[in-house]
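# Residue-level structure breakdown
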2 protein chains.
Amino acid sequence: MQKPVHVVVPFKHRGAKSRLSSVLLQEERRLLAAAMLKDVLSAVQGLGPVTVLSQPGFELTEAKFGNDVEVLESELELNGALNSLIEGEARRGWPLDILIVMADLALLTEKDLAGIINCEGDVVLCPGRGGGTNVILIRDPRFRTCYRGLSFPKHLSLAEELGLRAEVIESFRAGCDIDLPEDLAELLLHGRGEARALLEALGLRPLENGRSGTERKTTDNIINIQPKI
Amino acid sequence: MQKPVHVVVPFKHRGAKSRLSSVLLQEERRLLAAAMLKDVLSAVQGLGPVTVLSQPGFELTEAKFGNDVEVLESELELNGALNSLIEGEARRGWPLDILIVMADLALLTEKDLAGIINCEGDVVLCPGRGGGTNVILIRDPRFRTCYRGLSFPKHLSLAEELGLRAEVIESFRAGCDIDLPEDLAELLLHGRGEARALLEALGLRPLENGRSGTERKTTDNIINIQPKI
């Protein structure tokens, strides 16, 4: 039985997943973001209390949350909101370690999370593609998040500056955040939850030439959707 | 002490890494391919005999191979060459299981390989990005490779057709093949070997906006290099 953690899932509901706009319509992107959040909440189930950290006006009728999930709305940007929460927990005497899990980790499994939680270290970091940080386990109240851009090396540097022991868990599934059109191919190939089912229902499938993206089947024809960066 | 395997590393020396041509000159791409091969050969060291499978005219003065490495030149395309080798080993009574490792897995570590070799199953598959297959451990002589395109689901289907037990090992490092400009950012961020050192010597570094690629520092200025797909 592992020690419970306080799971924090930042979720952007305004203009969510805008980098998928070449592939999905606005309403489809909203549904995908909701489906991925549900998949993530399902993966973190049982780890401890869960806070979905969002902006004011958060409403997500598709996502039915369990009893152990609270929604916290904040006007602050991502790091401001997260660090304010971390500081609040530090003032309360740090009742539980904090596990930050991005809401678009649609391939994440309970096993990946167990690997992170069972890892020693004052901070455990899980890198995403392109230098991002997809999961952070914080065991020391002095740590702060520095998301945006190349956050993974920034988080490592901060831990070093604070004299904290940082451990890194590299994971295929936890490392795959769904941001760009080519990521949808990963979701279609390796997903197991609602987000994959949604993409299939929308008629998306991975292109034969692997990393080029997805194609979409309509009743009349097949439209190739190439990544637009 | 684990059972030795016959490691096979397919290496394309003609027009290697052409999808990096927007970022690296031809000679730089050749050097990178050689550095990645060296990193891969270093990671597989000690697992058993190694065959580098290449095309006629293979010469790679940069890569100094150890005693346990033989170079096999074949006129056949990738699957033809690999399956011919598999059939040959089957005729010889299958002296060792075959571990196919792609030559561009520049983040691969001994630990990743140990995880694959210690996994049960008649076939162990390690997915790459976009539906590729980066490592295959073959324990049954009936298995054949079907590289190109979405090879990972094809390999899974073939195993099922043959009634073989296929196991999947998902790994951040073994899952990262270096094909596209944005992959160079992964290599710069997470690499530990010669390929990373080469990129740094060439003045490349990851762009601050994460997944957009790399930038190149020259003596006079910084040139942004965006992925071109």
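Nothing here was measured: the structure is a model prediction, and the numbers come from that model. (Residues numbered from 1 in each chain as written. Chains lettered and ligands numbered in written order. Predicted model: local features only at pLDDT ≥ 70, side-chain atom pairs only at ≥ 80, totals over all residues. Heavy atoms only, no water.)

Taken together, the contact between chain B and chain A spans 32 residues of the former and 32 residues of the latter. Together chain B and chain A conceal approximately 2,700 Å² of surface at their shared face, both sides included; 58% is due to carbon and sulfur atoms. Counting the surface chain B buries against chain A, the share from its top three residues, Arg129(B), Phe172(B) and Arg211(B), is 29%. Remark: the boundary between chain B and chain A carries four salt bridges. (Contact = heavy atoms within 4.5 Å. Buried area = accessible area lost by both parts, 1.4 Å probe. Salt bridge = Lys/Arg side-chain N within 4 Å of Asp/Glu carboxyl O.)

Another aspect to go through is the relation of the copies chain B and chain A. Expressed as a screw transformation, the operator carrying chain B onto chain A has a rotation angle of 180° and an axial translation of 0.0 Å, and the superposed copies differ by an RMSD of 0.0 Å. The superposition operator between the copies reduces to a two-fold rotation axis. The position closest to the rotation axis in chain B is occupied by the C-alpha of Phe172(B), lying 2.0 Å away. The residues that chain B uses at the interface reappear at the interface of chain A in 100% of cases, marking a shared surface. (Least-squares fit on C-alpha atoms with pLDDT ≥ 70 in both.)

It is worth spelling out the packing of aromatic side chains at this point. Residue and element names in this part refer to chain A. Scanning the model with the defined rule gives two aromatic pairs over all chains in all. Where Phe-11 meets Phe-58, the ring centres are 5.5 Å apart and the plane angle is 75°; that geometry is what we call edge-to-face. Taken together, the residues span a long stretch of sequence, with Phe-11 in the loop between strand S1 (6–10) and helix H1 (26–44) and Phe-58 in the loop between strand S2 (50–54) and strand S3 (69–73) at a distance of 47 residues. For the pair Phe-11 and Phe-58, one class covers both residues: buried. (Phe/Tyr/Trp six-rings, centres within 6.5 Å; stacked < 30°, edge-to-face > 60°. Helix = DSSP H or I, 4+ residues; strand = E, 2+ residues; numbered from the N terminus. Buried < 20%, exposed > 50% of the residue type's maximum accessible area, 1.4 Å probe, protein only.)

Residues and elements named next belong to chain B. Burial analysis of strand S5 (residues 123–127) places five of its five residues in the buried class, the great majority of the element. Where S5 lies against strand S6 (residues 133–138), five bridges are found, and the strand directions are antiparallel. Across the sheet, Cys-126 pairs through a bridge with Val-135, a residue of S6. The turn linking S5 back onto S6 is made up of five residues, and Gly-130 within it adopts a positive phi angle of 65°. Two elements, S5 and strand S7 (residues 166–168), share three bridges in a ladder whose sense is parallel. Opposite Val-123, over in S7, you have Ala-166 as the bridge partner. (Pairing = 2+ DSSP bridges.)

What follows concerns helix H5 (residues 181–190) of chain A. For H5(A), the tally of buried residues reaches 10 of 10 residues, placing the bulk of the element in the interior. By the burial criterion, the buried members of H5(A) are Pro181(A), Glu182(A), Asp183(A), Leu184(A), Ala185(A), Glu186(A), Leu187(A), Leu188(A), Leu189(A) and His190(A).

Okay, the pairing of strand S6 (residues 133–138) of chain A next. Two faces make up the sheet, and in a regular strand the side chains alternate between them. Residue and element names in this part refer to chain A. Among the six residues that make up S6, six are buried, leaving the element largely enclosed by the rest of the structure. Where strand S4 (residues 98–101) lies against S6, four bridges are found, and the strand directions are antiparallel. Bridging across to S6, Val-101 finds its partner in Val-135.

All names here are of chain B. With mixed pairing, seven strands are arranged side by side in an open sheet as S3-S2-S1-S4-S6-S5-S7. With partners counted over all chains shown, the strands left at the sheet margins are strand S3 (69–73) and S7, one partner each. Across this sheet, the average inter-strand angle for adjacent strands is 20°, counted without regard to direction. Two elements, strand S1 (residues 5–10) and strand S2 (residues 50–54), share four bridges in a ladder whose sense is parallel. Within the sheet, the bridge partner assigned to Val-7 lies in S2 and is Val-50. Against the sheet, helix H1 (residues 26–44) engages S1, S2 and strand S4 (97–101), with an angle of about 175° to S1. Sitting on the sheet, helix H2 (residues 78–91) touches S1, S2, S3, S4 and S6, and the angle it makes with S1 is about 165°. (Axes fitted to C-alpha atoms, helices over the stretch in contact; angles between N-to-C directions.)

It is worth spelling out the sheet that holds S4(A) at this point. Residue and element names in this part refer to chain A. Reading across from one edge, S3-S2-S1-S4-S6-S5-S7 is the order of the seven strands in this open sheet, with mixed pairing throughout. Sheet topology places S3 and strand S7 (166–168) at the edges, where each strand pairs with a single neighbour. Mean inter-strand twist for the sheet, computed between neighbouring axes without regard to direction, equals 20°. The strands that helix H3 (residues 110–117) touches are S4, strand S5 (123–127) and S6; relative to S4, the one it contacts most, it runs at about 140°.

Interpretation note: all reported values are geometric properties and have no functional meaning in isolation.
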